[in-house]
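One-letter residues, chain by chain:
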Amino acid sequence: MTKTLFKNAKVFTGKNESFEAFDFVVDDQTGNFTQEEAVDQTIDLAGKYVMPGMINAHTHIVADPYSQIAQLGSPDSTAPTSTFLALTNLQKLLSDGVTYIRDVGSVAEVDIELSALERKGEFLAPGIMASGNPLAMTGGHFSEGSYEVDGVDEVRKYARFLLKKGVGNIKLMATGGVSFDGETPHDIQLTESELQAAVEEAHHKGRTANAHAQGTEGIQNALRAGVDSIEHAVYLDEETIAMFLQRGTYIVPTLAAPWAMIQEANQLPEFMVRKSLELSEAHSQSIGNAAQAGVPLAMGTDSGTAFNNFDQNSSIEMELMVNAGVTNLQALQAATINAANLLQIEKQTGTIEADKLADFIILDDNPLENIKALQAEKSVYKKGKKVK
Ligand SMILES: [Zn+2]
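Since we're looking at a predicted model, the values are computed, not measured.

Enquirer: Which residues make up the coordination of the zinc ion, and what values go with them?
Expert: Around the zinc ion, the protein supplies His 58 (NE2), His 60 (NE2) and Asp 302 (OD) as donor atoms, at distances of 2.1 Å. All donors to the zinc ion come from one chain, and their sequence spacing reads H-x1-H-x241-D. Accessibility classification places His 58 together with His 60 in one group, the buried group.

Enquirer: Give a description of the sheet that holds strand E3 (residues 20–21) that names residues and reports values.
Expert: Ordered in space as E3-E2-E7-E17-E18-E19, the six strands form an open sheet in which the pairing is mixed. Of all strands in the sheet, those bounded by a partner on one side alone are E3 and strand E19 (385–386). Direction of pairing for strand E7 (residues 49–52) relative to strand E17 (residues 360–363): antiparallel, over a ladder of four bridges. Following the sheet pairing, Tyr 49 is matched in E17 by Leu 363.

Enquirer: Could you give an account of helix H4 (residues 192–204), with specific residues and numbers?
Expert: With 13 residues, H4 extends 18 Å between its outermost C-alpha atoms, agreeing within 8% with the 18 Å of an ideal straight helix rising 1.5 Å per residue. Listed as buried for H4 are Glu 194, Leu 195, Ala 197, Ala 198, Val 199, Glu 201 and Ala 202. Residues of H4 that are buried sit in contact with helix H3 (152–165), strand E13 (169–173), strand E14 (208–213) and helix H5 (216–225). A positive backbone phi angle near 75° is found at Gly 206, which sits one or two residues after H4.

Each value, and the rule that gives it
Residues numbered from 1 in each chain as written. Predicted model: local features only at pLDDT ≥ 70, side-chain atom pairs only at ≥ 80, totals over all residues. Heavy atoms only, no water. Donors = N, O, S within 2.8 Å, 3.2 Å for Na, K, Ca; no water. Buried < 20%, exposed > 50% of the residue type's maximum accessible area, 1.4 Å probe, protein only. Pairing = 2+ DSSP bridges. Helix = DSSP H or I, 4+ residues; strand = E, 2+ residues; numbered from the N terminus. Expected span 1.5 Å × (residues − 1). Contact = heavy atoms within 4.5 Å.

Dropping the structure here:
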């Protein structure tokens, strides 16, 4: 066992608002930061910038963004293939500096089982908050990979079923979206009372619930139902932003999802490209307006959707947020302390503090001055072990 002092770096701990001189000690046996001062070795980080590892609050680790190995929700996404993809994608996330994820749409309980194995220390990867399969209305968004549920009683039944399986979060489909044909982002799907039944069950068990919601009306339904975060939040007006502020509900923007589709427009079906182009400007504006109004954000990419990769897009999402009008500090908080609060893992991670997981990244430049610093070469530590 080795205790290592990291000294002379400028550090954003997650609680301060700038990079400041802050020396810290890592215990590689517990995998935590420690207050102990007797150390075995010292690493000099003069000129470097250190921040907590990023938390990505919206991934689909069983998905192949290139649809070469399997198409999520199709018969190809068997349990072994999905597990292979998940393990590969987790390592890619780690290489981008992501040390914890919330997976919000899996198959075959892959995320639930990998989450338990990671917690036991069976393999080194980002920590995982699992949601299992989402709940969608019959024929709703991603219904081929969701449990199709209709009516309050059935939603309640499946919410309890997921909680029994051990999910940390319940994912709900409140509107249509971009990735599937035959629906629009404005379509209302699970109703307010259906959403509310799942939220109630999650909260009774001390867990969270979140909703895929893109159109204004569906977002408002999910907000009134009491979800902990709204995913995507494409069309926000002033009234809706006020509802977020009143309830303290988080937004997980996932700007990388439509961005990635637009980058690869010539390789995608017409409906995906058309819908991405239609919403991308409103999406950026909504996220910028919400951030300026003070709505808490948690970083998430939706990695696993078309061409939305795992090895770069978390740090690209940070840039997309800043381009949308989110401040650099808000973006850093979204990926660290805020996401930890949303996932209710703030006692374990999200800040650089004694007795929390030694999950951190080392950068050459200051991301508060240039958010692209996150996309450059970096070192990544997970539970005190250097993984990149
Ligand atoms: Zn998603």
